[in-house]
Amino acid sequence: MSDLEIAKILFDHERKQVLDVVVLREDFRFRCNRCGVFCCMLGGPIIKKIDLERMEDAGLNPSKFIKPAEHRFSQQRDIIGVLKQKDDGSCIFLNYDEAAEIYTCEIYEARPNVCRLYPFELLIERDEGVLRVIPCCNGLSMSTGEKVDRRFIEKHLLDVILESL
């Protein structure tokens, strides 16, 4: 087990169900600071078919914000493309609210699954997945953060996990 592994998740792919969540680290906490530093400033994320459908349902026109995926993503399942970037390299939907001194996402409710899952990633192999942390996020291990336990995973990440099956 790596220090980055938070939980093991067992699936039933046919029924698209999570059978069990085994938390591997009880000491982990997370609270989003809405800093956008490592998630949204590093370019546009990959867009999968399910993301595209969610965005179209929200009334967004994909031709205005998606560009073809680079060759390194071409082997991944269901990749449609990537979100375009601003000149500074940040995601095109990232805005800075100067009054509140926080970053906001123009399409928060319709954002891609990779954004919904961040700062975690799910590595799936057959009927088991490993939920890992992406260690560069500023909101990780904050004492004021929410404990990343089974309840946290079920409340905040389960829908994204099920869409990934």
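Residues take numbers from 1 onward in each chain, read along the sequence in its written order. Reporting in this predicted model follows two pLDDT cut-offs: at least 70 for local features of residues, and 80 or more for side-chain atom pairs to be given and counted; totals over whole chains, interfaces and linings ignore these cut-offs and use all residues. Hydrogen atoms and water are omitted, and side-chain values are computed over all heavy atoms in the structure.

(A) A look at the sheet that holds strand 9 (residues 120–125). Strand pairing is assigned whenever DSSP detects at least two bridges linking the two strands. Only DSSP runs of H or I with at least four residues qualify as helices, and only runs of E with at least two residues qualify as strands; both kinds are numbered from the N terminus onward. The sheet built from 4 strands is open, its strands ordered 2-1-10-9 with antiparallel pairing. The strands lining the two open edges of the sheet, one partner per strand, are strand 2 (17–23) and strand 9. Averaged over all pairs of adjacent strands, the angle between strand axes in this sheet comes to 25°, irrespective of strand direction. With 5 bridges connecting them, strand 1 (residues 5–12) and strand 10 (residues 128–133) associate as antiparallel partners. By the bridge assignment, Leu 10 is partnered in strand 10 with Glu 128. Lines are fitted to the C-alpha atoms to define the axes, a helix being fitted only along its stretch in contact, and any angle between axes, read from their N-to-C directions, falls within 0 to 180 degrees.

(B) Examining the nonpolar core more closely. Phe 120, Leu 131, Ile 153 and Leu 157 are the most contacted members of the largest nonpolar core, which has 23 residues in total. Among the secondary structure elements, those contributing two or more residues to this core are strand 1, strand 2, strand 9, strand 10 and helix 3 (150–164). Counting residues per element, this core draws most heavily on helix 3, at 5 residues. Setting aside chain neighbours within four positions, we find Phe 120 in contact with Ile 6, Phe 30, Leu 131, Arg 132, Val 133, Ile 134, Val 148, Phe 152 and Leu 157. Here, nonpolar core means buried Ala, Val, Leu, Ile, Met, Phe, Trp, Tyr and Cys residues that are tied together by side-chain atoms lying within 4.5 Å of each other. In this scheme, a residue with accessible area under 20% of its type's maximum is buried, one over 50% is exposed, and one in between is partly exposed, where area comes from a 1.4 Å probe on protein chains only. Every residue pair with non-hydrogen atoms within 4.5 Å of one another is taken to be in contact.

(C) Local environment of unusual backbone geometry. Here Tyr 118 and Pro 119 are connected by a cis peptide whose omega angle stands at 15°. In this structure, Pro 119 sits in the loop between helix 2 (113–117) and strand 9. A positive phi angle, near 50°, is found at Lys 16, a position not held by glycine. Within the fold, Lys 16 resides in the loop between strand 1 and strand 2. If you check the backbone angles, Arg 126 has positive phi at about 55° while not being a glycine. Tracing the backbone shows Arg 126 in the loop between strand 9 and strand 10.

(D) View of the packing of aromatic side chains. Any two rings among Phe, Tyr and Trp, with Trp reduced to its six-membered ring, count as a pair given centres within 6.5 Å; such a pair is stacked if its planes are under 30 degrees apart, edge-to-face if over 60, and tilted if neither. Here the structure, examined in full by the defined rule, presents 4 aromatic pairs. When the ring of Tyr 96 is compared with that of Tyr 103, the centres are 4.8 Å apart and the planes differ by 55°; the resulting orientation is tilted. Residue classification places Tyr 96 among the partly exposed positions, given a relative accessible area of 41%. Residue Tyr 103 is classed as partly exposed on the basis of its relative accessible area of 23%. A ring pair is formed by Phe 120 and Phe 152, whose centres lie 6.0 Å apart and whose planes are at 65°; its orientation type is edge-to-face. Taken as a pair, Phe 120 in strand 9 and Phe 152 in helix 3 lie far apart in primary sequence, 32 residues in all. There is no split in this pair, since Phe 120 and Phe 152 are both buried.

(E) Up close: helix 3. To estimate how far a helix should extend, the number of its residues minus one is multiplied by 1.5 Å. With 15 residues, helix 3 ought to run about 21 Å at 1.5 Å a step, yet its terminal C-alpha atoms sit only 18 Å apart, falling short of that. By the burial criterion, the buried members of helix 3 are Phe 152, Ile 153, Leu 157, Val 160 and Ile 161. One side-chain oxygen at the N-terminal end of helix 3 lies 3.3 Å from the backbone nitrogen of Arg 151; it belongs to Asp 149. Side-chain atoms alone can form a polar contact between residues adjacent in sequence; in general such a contact is a pair of N or O atoms within 3.5 Å, and within protein one must be able to donate a hydrogen while the other accepts it.

(F) Here's a closer look at a nonpolar patch on the surface. There is a patch of nonpolar side chains on the surface, built from Val 37, Phe 38 and Leu 42 and spanning about 260 Å² of accessible area. Tracing the backbone through its elements, the reader meets Val 37 in the loop between strand 3 (29–30) and strand 4 (46–48). Val 37 sits in the partly exposed class, given a relative accessible area of 36%. Grouping into patches uses exposed residues only, defined as over 30% relative accessible area, and leaves out salt-bridged ones; the cut-off is 9 Å for like charges and 5 Å for nonpolar side chains (Val, Leu, Ile, Met, Phe, Trp, Tyr). The protein chains shown are the only cover counted for residues, whose accessible areas, like all others here, come from Shrake-Rupley with a 1.4 Å probe. Every case where a carboxyl oxygen of Asp or Glu lies within 4 Å of a side-chain nitrogen of Lys or Arg is listed as a salt bridge.

(G) Fine view of the sheet that holds strand 5 (residues 66–67). On the basis of which strands lie adjacent, the open sheet formed by 3 strands has the order 4-6-5 and antiparallel pairing. Looking along the sheet, the strands with just one partner apiece sit at the ends: strand 4 and strand 5. Both strand 4 and strand 6 (residues 79–83) contribute to a ladder of 3 bridges, which runs antiparallel. In the strand pairing of strand 6, Ile 47 is matched with Gly 81.

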